[in-house]
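The residues making up each chain are set out below.
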Amino acid sequence: MVYVWVRQMYLRDRVAAVSNHVAQVNNGQSLEVLERGKRFLRVKTEKGEIGWIPDRAVIDSKTYEAFAQLVPQHKDDPVVATGTLRDDIYLHSTPGRDTDRFYLLPGNEKVQMLVRASVPREAAKSPAPAPVPAPKPASPSPAPEQLAPEPPPMEDWWLIRDAQNRVGWALGSRVDVDIPDEVGQYAEGQKIVGAYILTKVHDEESSAPNHDVPIYVTALAPPKSGLPFDFDQIRVFTWSLKRHRYETAYRLHPIQGYLPLRLGTEPAPGGTTEPVFSFQVSSSPDVAINPDTGIAKPANPRTLSFALRDTSVRRIGPDLAPIPITHSPEDKAKAAAKNARKKK
C-alpha cells in the first residue's frame, strides 16, 4: 500500500507524454500497488480504478505507520492550547521542513496544541560562488583569530491534533494560539502562549454572556523562537466589580516555565472551593533537549502551585521555597547597561 501526500493528482492510463485521466486521488487516500515502474507506480483505488501515478506523489507504508503511531503515542497528552491554522499546512512526522509530510490540513482549521519543539531552520541552498585565487602575501603574517561560529537560527514547531484525530508536527509560525480579545490586549509586546479560565464572577454591568466574566491565568513568552522554555511570565487577570474591568492580580517574571498549566479546585473556608493552578519551572539553568525532536524539558523541575481566593493569589502545596528567578541574556544586558548609566 501507498498513500497520497500531495493535495490531489490524476491517475493516468499509461506512462506516456499523451495519456488519459482515469481517476482523481486526493491527500490521505490509500492505494494498492499493482506494478512498479521507473519513477511511476501502477495502483488501484478502493473503488477499483486502476492507473499510473508518480512515486514522488505518495508515501510508503513505513512512513504512513510513523504518522499512525503518533496518535496512540500522544493520546494522553494534555492540550496546552487551541489554535487556528493561518493557511493550508502539511503535518510532518517530526519537526523540520525537510522531514516526511503527509496530511494536508485546510486553513482556518481549529487544532489542539500538544507539545512545542525547536529545531534549526534549514537555510535555502544557493550555488557556491566560484573560487577566487588569493594573492600571495609578501611576507608571512599571523593567522587571524578564529571566531566561534554563530548558532544557527531556530524555529518553533508544534505537535497538533485536528478534529479527525490526525496528529503531526506543524510550523509554529503558521498556527495562531486562540487568545480571548479581553486579555490579548494586555500582552505588552509579549507572546501569549496560553490563556486559561480559572473561574467566573457575575457582574450585571458586564457584556459577557449571562454577565458571567471569566477570570484568566495566562502564560507569556518573548516573541522569539528557539527558547529553552515555554514561557517566562505568569499573569492572572481578575475582574473588578467596582471598576468593571480586568486588573492584574498576580505577575511572576522572569522564570523558566514549562507547559502544561494544570487547573483544578481545592476546598476553601465555608465549605466552598477555590480555583488552583500549577506548572513546572526549572530550578537550575540546565535543560534537557531531546536530540530527535528538539523538545526541551527542565533537568531539575519543580512544581509550583497557586490558589485564587476572591482577587488574591497565594502559593500553596508542598513546595513553598523561593521561586528561582531566571534572567534572559537580553534582560542581563539591559540591567548591565542601566547600571553603567547609573555609575556615570
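Reference entry: report on the structure contained in this document.

Criteria and thresholds
Residues numbered from 1 in each chain as written. Predicted model: local features only at pLDDT ≥ 70, side-chain atom pairs only at ≥ 80, totals over all residues. Heavy atoms only, no water. Buried < 20%, exposed > 50% of the residue type's maximum accessible area, 1.4 Å probe, protein only. Helix = DSSP H or I, 4+ residues; strand = E, 2+ residues; numbered from the N terminus. Pairing = 2+ DSSP bridges. Salt bridge = Lys/Arg side-chain N within 4 Å of Asp/Glu carboxyl O. Axes fitted to C-alpha atoms, helices over the stretch in contact; angles between N-to-C directions.

### Digging into the pairing of strand S13 (residues 167-171)
The two faces of a sheet get side chains in turn, since along a regular strand they alternate between them.
Thought 1: Most of S13 sits out of view: five of its five residues are buried.
Thought 2: Where strand S12 (residues 154-161) meets S13, five bridges bridge the pair, whose relative direction is antiparallel. What sits directly across from Trp158, in S13, is Ala170.
Thought 3: Once S12 ends, the chain turns through five residues before running back antiparallel as S13, passing Asn165 with a positive phi of about 65 degrees.

### Quick look at the environment of Ser173
Thought 1: Residue placement: Ser173 occurs in the loop between S13 and strand S14 (175-177).
Thought 2: Considering only alpha carbons, one finds Ser173 and Glu155, 18 residues apart in sequence, at a separation of 8.3 Å.

### Concerning the pattern of salt bridges
Side chains bearing opposite charge may pair, as long as their charged atoms lie close to each other.
Thought 1: Under the defined criterion, the tally for this structure stands at 19 salt bridges.
Thought 2: The shortest N-O distance in the salt bridge between Arg251 and Glu188 comes to 3.8 Å. Residue Arg251 is found in strand S18 (residues 245-252), and its partner Glu188 is found in the loop between helix H2 (181-184) and strand S15 (191-202); the two are separated by 63 residues along the sequence.
Thought 3: Since its relative accessible area comes to 39%, Arg251 is described here as partly exposed.
Thought 4: Linked by salt bridges that have partners in common, Arg116, Asp156 and Asp230 make up one network.

### Focus: the sheet that holds strand S24 (residues 312-316)
Thought 1: Strand order in the open sheet formed by four strands is S19-S20-S23-S24, and the pairing between neighbours is antiparallel. The sheet terminates laterally at strand S19 (257-268) and S24, the two strands that pair on one side only. Pairwise comparison of adjacent strand axes, ignoring direction, gives a mean angle of 30 degrees for this sheet.

### Section: the pairing of strand S5 (residues 40-44)
Thought 1: With burial as the criterion, only one face of S5 is covered, namely that bearing Leu41 and Val43; the residues Phe40, Arg42 and Lys44 on the opposite face remain uncovered.
Thought 2: Two strands pair when backbone bridges link them, and strand S4 (residues 30-36) and S5 are joined in this way by four bridges, in the antiparallel orientation. The partner of Val33 across the bridge, within S5, is Val43.
Thought 3: Here S4 folds back onto S5 in antiparallel fashion, the turn holding three residues, of which Arg39 has a positive phi close to 70 degrees.
Thought 4: Bridge count for S5 against strand S6 (residues 50-54) is five bridges, and the pairing is antiparallel. The partner of Arg42 across the bridge, within S6, is Trp52.
Thought 5: Counting the residues that bridge the hairpin from S5 to S6 gives five residues, and of these Gly48 lies at a positive phi of roughly 90 degrees.

### Points about unusual backbone geometry
Thought 1: A cis amide bond, omega 0 degrees, links His253 with the succeeding residue Pro254.
Thought 2: Within the fold, Pro254 resides in the loop between S18 and S19.
Thought 3: The amide bond that connects Leu259 to the next residue, Pro260, takes the cis arrangement and shows omega of 10 degrees.
Thought 4: Within the fold, Pro260 resides in strand S19.
Thought 5: Although it is not a glycine, His211 sits at a positive phi angle of roughly 65 degrees.
Thought 6: With respect to the helices and strands, His211 occurs in the loop between S15 and strand S16 (212-221).
Thought 7: With relative accessibility at 28%, the residue His211 sits in the partly exposed group.
Thought 8: Here Asp310, not a glycine, exhibits a phi torsion of approximately 60 degrees, which is positive.
Thought 9: Mapped onto the fold, Asp310 is located in the loop between strand S23 (301-309) and S24.

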